[in-house]
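Notes for the structure review
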Amino acid sequence: MSNNNEKISRQTYLALLAAALLSFTGILTETSMNVTFPELTKVFNVTLDTVQWITTGYLLMVTIVMATTAYLLKKFKSQSIYLFAAIAFVVGDVMCATSPNFPILMSGRLIQAIATGLSTPLMFHIIFNKIPAGRIGSMTGLAGMVISLAPALGPTYGGTVSSIASWRMIFWLILPIIVISWWLGSRYIRIDPVGTGSFDALSLGLLAATLFSMVFAVSKAGKYAITSSQVLIPFVIGLIALGLFIYSDTHGKSQLLDIRILKWLSTSLSAFTYFVLQFVNIGVSFLIPVYCQYVLHSSPFIAGLVLLPGSLVGAAVSPYAGHLADMKGYALPIILGLSSMTLGGLIFFGIQAVLTAWIILLIYTFLRFGFNMGFSNTISNAMLNVPRKYTADVNSLFSMLQQFAGSIGVGIMAAVMAISQNNGTGSLAARSFVGGKYDFLLATLLSAAALIAAIINFRLQKNTKLNIEESD
């Protein structure tokens, strides 16, 4: 294995801290607003399906911006990108805190999403450019802890602040953190651009159309039949836009990101694994509070609290998972993690009839252990198996997949639950039980598929390494 005692400079640590603080606050506000939806419907006199676009629109914007980072990180200084992100976050934050109406609040959230879409890939860019190879696993583990801890604390932070003071204080209280982050980033983030080229606006527009259409189609699937025009039309539009995006990105004079990295089977398998990990993680995190309230008749407080221990354990596991990868290789933690997620989903499905809040808490903690063992290590492993000039493309693609997987994971699991509730028989609890059964089964099957993909991937990597050594 690589030398694990290679030094990391103080400047690199502080640069990472700056990017991590901006990413943390962005993700924190993403989930903290969810608990304010009922209040916001009254304050701004809008419906719940309109208010939820504060989160859905935010995630879509983050995903779209992340798609641009492969170009931006090659073209501009990292410090410039970071300072733009910090300014955008402050502007969006003040707009949200002072918003007199819903359109201003929505606009502020979208501007903040630009900041998060830039800061999270930048955090990984610093790691893969400034951290010695023998320490990358440990540092991406710490980055994974930031990404895991923020959404876990978000609902608690949002609920506490909005209960004690006002939902507007959610935005005011994080401003000092951004100021500190801004100061650190302006002093310590120093990575020069490594490429040239023009920006592919057409590909970005096609990608945005793809993501929006897909998420919109999924959001309608729970209310309308899958074969209805309300679902099929946006889905077909999304497929057409995706096809045009792939053609434009691979045949044009400029590229948004080099999706030809997927020609390497190892990268494609890692991308699939990464997508499934986040799909199951965010999907199940949505499902469990809903299931607890509808089936177990738990209070909203208990339903949310069930997730907290698992989220905290997962965040604590993430640095250890990275350290384990540095010491033993990436196969061990990733395969162990996916095996744990598959087993966790299977237990949910198998003993569903006897589930209680306490049992769900324990199984979810086990599932989150598995997620954090594999999540950050999957992107690290992918980065180390492509030529260095493609690391920005891998970073951008995987960051984009992470956000899209979360959006589509919630959408599909919500649709499955809604279909069962709207079309089943018996009480609401009985119909929700059936929806939960299909969602648990979906999580199990996807985790098993990702486990198989990871096993194939590491066998492929091993054979490739042996072939290279034999040729040498």
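It should be emphasised that the depicted structure is a prediction, and the values quoted were computed from it without experimental measurement.

Conventions and cut-offs
- Residues numbered from 1 in each chain as written.
- Predicted model: local features only at pLDDT ≥ 70, side-chain atom pairs only at ≥ 80, totals over all residues.
- Heavy atoms only, no water.
- Core = buried A, V, L, I, M, F, W, Y, C linked by side-chain atoms within 4.5 Å.
- Buried < 20%, exposed > 50% of the residue type's maximum accessible area, 1.4 Å probe, protein only.
- Contact = heavy atoms within 4.5 Å.
- Helix = DSSP H or I, 4+ residues; strand = E, 2+ residues; numbered from the N terminus.
- Expected span 1.5 Å × (residues − 1).
- 1 Å grid on protein atoms, 1.4 Å probe; cavity = no way out; pocket = protein on both sides within 12 Å on 5 of 7 lines; lining within 4 Å.
- Points joined across faces, edges and corners; volume = space filled by probe spheres on them.
- Nonpolar A, V, L, I, M, F, W, Y, C, P; charged D, E, K, R; others polar.
- pLDDT = per-residue confidence, 0-100.
- Axes fitted to C-alpha atoms, helices over the stretch in contact; angles between N-to-C directions.
- Parallel < 35°, antiparallel > 145°, perpendicular 65-115°, else oblique.
- Phe/Tyr/Trp six-rings, centres within 6.5 Å; stacked < 30°, edge-to-face > 60°.
- Lys NZ or Arg CZ within 6 Å of the ring centre and 35° of its normal.
- Domains from an automatic or database assignment.
- Buried area = accessible area lost by both parts, 1.4 Å probe.
- Salt bridge = Lys/Arg side-chain N within 4 Å of Asp/Glu carboxyl O.
- Polar contact = N/O pair within 3.5 Å; in protein donor to acceptor, adjacent residues only side chain to side chain.

**So, the nonpolar core**
Counting residues in each nonpolar core, the largest one holds 128 residues, and the members touching the most others are Ile 54, Ile 288 and Phe 348. Contacts of Ile 288, omitting those with residues within four sequence positions, involve Val 306, Leu 307, Phe 348, Ile 360 and Tyr 364.

**Points about helix α17 (residues 391–423)**
The first and last C-alpha atoms of α17 sit 47 Å apart over 33 residues, in line with the 48 Å expected at 1.5 Å per residue. Of all the 33 residues making up α17, 26 are buried; the element is thus mostly covered by neighbouring parts of the structure.

**Examining empty space enclosed by the protein**
Taking a probe equal in size to a water molecule and rolling it over the atoms shows the remaining empty space. Overall, the coordinates contain one cavity of 30 Å³ or more when judged by the stated rule. Space inside the largest cavity adds up to approximately 30 Å³. Around the largest cavity, the lining residues are Ser 270, Thr 273, Ile 334, Thr 378, Asn 381, Ala 454, Asn 457 and Phe 458. Of all the secondary-structure elements, those providing two or more residues to the lining of the largest cavity are α12 (265–294), α16 (357–383) and α18 (428–471). Take the lining of the largest cavity: its biggest share by element is three residues, from α18. Looking at side-chain class alone, the lining of the largest cavity contains three nonpolar, five polar and no charged residues.

**With respect to the environment of Leu 184**
Tracing the chain through its elements places Leu 184 in helix α9 (residues 175–188). Residues Leu 184 and Leu 308, 124 residues apart in the sequence, show an inter-C-alpha distance of 30 Å. For Leu 184, the residues in contact, after removing those within four places along its chain, are Leu 14, Leu 17, Ala 18, Leu 21 and Ile 189.

**Quick notes on the confidence of the model for the protein chain**
Scored by pLDDT, the protein chain has a mean of 83; 92% of the residues are at 70 or more. In the model of the protein chain, helix α3 (residues 48–51) stands out as the element of lowest mean pLDDT, 67, in contrast to helix α15 (residues 331–350), which has the highest, 94. Ignoring residues within four places in sequence, the model shows residues 466–472, a span with pLDDT below 50, making zero contacts including any to other chains.

**A look at the packing of helix α4 (residues 53–75) against α17**
Contact geometry of α4 with α17 gives a least axis separation of 8 Å together with a crossing angle of 180°. One way to sum up the angle between α4 and α17 is to call them roughly antiparallel. Listed contacts from α17 to Leu 59, Val 62, Thr 63, Met 66, Ala 67, Thr 68, Thr 69, Ala 70, Leu 73 and Lys 74 of α4 are Ala 392, Asp 393, Asn 395, Ser 396, Ser 399, Met 400, Gln 403, Phe 404 and Ser 407. Classifying every residue of the contact of α4 with α17 gives nine nonpolar, eight polar and two charged.

**As for the packing of aromatic side chains**
With the rule as written, the count across this model stands at 10 aromatic pairs. Between Phe 44 and Trp 167, the ring centres sit 5.8 Å apart and the planes meet at 70°, which makes this aromatic pair edge-to-face. Taken together, the residues span a long stretch of sequence, with Phe 44 in the loop between α2 (37–43) and α3 and Trp 167 in the loop between α7 (136–164) and α8 (169–172) at a distance of 123 residues. Note on accessibility: Phe 44 and Trp 167 belong to one class, buried. Centroid distance Phe 212 to Phe 216: 5.9 Å. Interplanar angle 20°. Geometry classified as stacked. One end of the pair is Phe 212 and the other is Phe 216, both in helix α10 (residues 201–221) and four residues apart, which spans about a single turn. Judged by relative accessible area, Phe 212 falls into the partly exposed class, the value being 41%. Given a relative accessible area of 28%, Phe 216 falls into the partly exposed group. Through a chain of ring-to-ring contacts, three or more aromatic side chains come together here, namely Tyr 274, Phe 371, Phe 375 and Phe 398. One residue, Lys 437, lies across the ring of Tyr 438, its end atom 5.3 Å from the ring centre.

**Quick look at the domain arrangement of the protein chain**
Here the protein chain is described as being made up of domain 1 (9–194), domain 2 (201–254) and domain 3 (261–462). Centre-to-centre separation of domain 2 and domain 3, based on C-alpha positions: 24 Å. The partner domain 3 presents 10 residues to the seven residues of domain 2 that form the contact. At the boundary of domain 2 with domain 3, total buried surface from both sides reaches about 670 Å², with 86% on carbon and sulfur atoms. Viewed at the interface, domain 3 and domain 2 are joined by zero salt bridges. Connecting domain 2 to domain 3 are zero residue pairs in polar contact (both at pLDDT 80 or more). By residue class, the composition of the side of domain 2 that touches domain 3 is six nonpolar, one polar and no charged.

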